[in-house]
Amino acid sequence: MMLTCPLCASTDTGHFHRDGRRDYHRCRQCSLVFVPPEQRLGPEEERAVYDQHENSPDDPGYRRFLSRLFDPLRDRLPPGARGLDFGSGPGPTLSVMFEEAGHPMAIYDPFYALDTSVLERSYDFITATEVVEHLFAPGRELAQLVDRLPSGGWLGLMTKRVTDQAAFARWHYILDPTHVAFFSEATFVWLADRLDMRVEFPAADVALLQRR
């Protein structure tokens, strides 16, 4: 069965993998691997999973994890650049790290910081760490974020990347029921081209996209 890709809206998709709980389809145009809409969690079930997260800016291990995106992005920002942390979660931490480095930050999260007015402002950079794999409509939502950036602005994304079908079948990342969209390096290259951005991969789970 062909499904519509939630990133590029192509119907040139095919079955990629099935485990004991879900199916996974792959888009032949943008290479996104995605879960069919009817197999996603409802909002209450999704929130229940996120409520179990115990991330905190007081946790040095969590800061080290986020530094894989924080360090390379900070090195590319001018002093005082203003940012948005999209999908900040129940314990916003990346925004604290950037504020400590002199960058004013706003946060947004559909479950924990639902102030949609912040999505109407412009920013020098936007971050989304461990977020894009949760998005039901990544094509629309990422395009909306890029619209908030000026020429030269940065979109910093952290998510583990698909490599090949055999590795996908053994991948712990697909066991999280809230993970429904899986990006590969090819997907990010496609996305950058579509949004007129250039892309860098400073770490195995980090993509930095800069608006031209």
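Check the entry above for the structure.
Fair warning: this is a prediction, and the values are worked out from it, not measured in the lab.

## Describing the environment of Gly 87
Inference 1: Position of Gly 87 relative to the elements: it lies in the loop between strand E4 (83-86) and helix H3 (94-100).
Inference 2: For the pair formed by Gly 87 and Ala 113, sequence separation is 26 residues and the distance between their alpha carbons is 8.4 Å.
Inference 3: Non-local contacts of Gly 87, meaning those with residues more than four positions away in its chain, are made with Tyr 108, Asp 109 and Val 131.

## Here we look at helix H1 (residues 43-50)
Inference 1: Among the residues of H1, those classed as buried are Glu 46, Val 49 and Tyr 50. End-on view of H1: buried residues confined to an arc of 100 degrees, all on one side of the axis.

## Digging into the sheet that holds strand E2 (residues 23-27)
Inference 1: With antiparallel pairing, the 4 strands of this open sheet are ordered in space as E1-E2-E3-E8. Each edge of the open sheet carries a strand with a single partner, namely strand E1 (13-18) and strand E8 (181-182).

## A closer look at helix H2 (residues 60-76)
Inference 1: Compared with the 24 Å implied by 1.5 Å per residue over 17 residues, the 23 Å span of H2 between its first and last C-alpha is a close match.
Inference 2: Listed in full, the buried residues belonging to H2 are Tyr 62, Leu 66, Leu 69, Phe 70, Pro 72 and Leu 73.
Inference 3: In this structure, the buried side of H2 is in contact with H3, strand E6 (125-129), strand E7 (154-158), strand E9 (197-203) and strand E10 (206-211).
Inference 4: N-cap assignment for H2: the residue whose side-chain oxygen lies 2.9 Å from the backbone N of Gly 61 is Asp 59.

## Thoughts on the pattern of salt bridges
Inference 1: Inspection of every chain in the model, using the stated rule, returns 10 salt bridges.
Inference 2: The closest approach of N and O atoms between Arg 18 and Asp 23, which form a salt bridge, is 2.8 Å.
Inference 3: Residue classification places Asp 23 among the buried residues on the basis of a relative accessible area of 13%.
Inference 4: As a salt-bridge pair, Glu 200 and Arg 76 come within 2.7 Å of each other at their nearest N and O atoms. On the criterion of sequence distance, the pair formed by Glu 200 in strand E9 and Arg 76 in helix H2 is long-range, its members being 124 residues apart.
Inference 5: Several salt bridges share partner residues, and in doing so they unite Asp 71, Arg 74 and Asp 75 into one network.

## What to know about the packing of aromatic side chains
Inference 1: For the coordinates displayed, the defined rule picks out 16 aromatic pairs.
Inference 2: With centroids separated by 5.7 Å and ring planes inclined at 55 degrees, the aromatic side chains of Phe 168 and Trp 171 adopt a geometry described as tilted. For the pair Phe 168 and Trp 171, one class covers both residues: buried.
Inference 3: Ring centres 5.9 Å apart and planes at 55 degrees place the aromatic pair Trp 171 and Phe 182 in the tilted group. Here Phe 182 lies in strand E8 and Trp 171 lies in the loop between helix H5 (165-169) and E8, a separation of 11 residues in the sequence. Across the pair, exposure class does not vary: Trp 171 and Phe 182 are buried alike.
Inference 4: Taken together, Phe 16, Tyr 24, Phe 168, Trp 171, Tyr 173 and Phe 182 form an aromatic cluster joined through their ring pairs.
Inference 5: The ring centre of Phe 136 lies 4.5 Å from the NZ or CZ of Arg 40, which sits over that ring.

## Some thoughts on the sheet that holds E6
Inference 1: Here 6 strands make up an open sheet; going across it, the order is E5-E4-E6-E7-E10-E9 and the pairing mixed. At either end of the open sheet lies a strand with only one pairing partner, and these are strand E5 (105-108) and E9. Put simply, the sheet's adjacent strands are angled 20 degrees from each other on average, direction ignored.
Inference 2: Bridge count for E4 against E6 is 3 bridges, and the pairing is parallel. Residue pairing across strands places Gly 83 opposite Phe 125, the latter belonging to E6.
Inference 3: Its contacts with the sheet place helix H4 (residues 138-146) against E4, E6, E7, E9 and E10, and it is angled at close to 140 degrees to E7.
Inference 4: Packed onto the sheet, helix H6 (residues 185-194) meets E7, E9 and E10 and runs at close to 150 degrees relative to E9.

Reading the values: the criteria
Residues numbered from 1 in each chain as written. Predicted model: local features only at pLDDT ≥ 70, side-chain atom pairs only at ≥ 80, totals over all residues. Heavy atoms only, no water. Helix = DSSP H or I, 4+ residues; strand = E, 2+ residues; numbered from the N terminus. Contact = heavy atoms within 4.5 Å. Buried < 20%, exposed > 50% of the residue type's maximum accessible area, 1.4 Å probe, protein only. Arc of directions from axis to C-beta. Pairing = 2+ DSSP bridges. Expected span 1.5 Å × (residues − 1). Polar contact = N/O pair within 3.5 Å; in protein donor to acceptor, adjacent residues only side chain to side chain. Salt bridge = Lys/Arg side-chain N within 4 Å of Asp/Glu carboxyl O. Phe/Tyr/Trp six-rings, centres within 6.5 Å; stacked < 30°, edge-to-face > 60°. Lys NZ or Arg CZ within 6 Å of the ring centre and 35° of its normal. Axes fitted to C-alpha atoms, helices over the stretch in contact; angles between N-to-C directions.

Function cannot be read off these values alone, since they describe shape.
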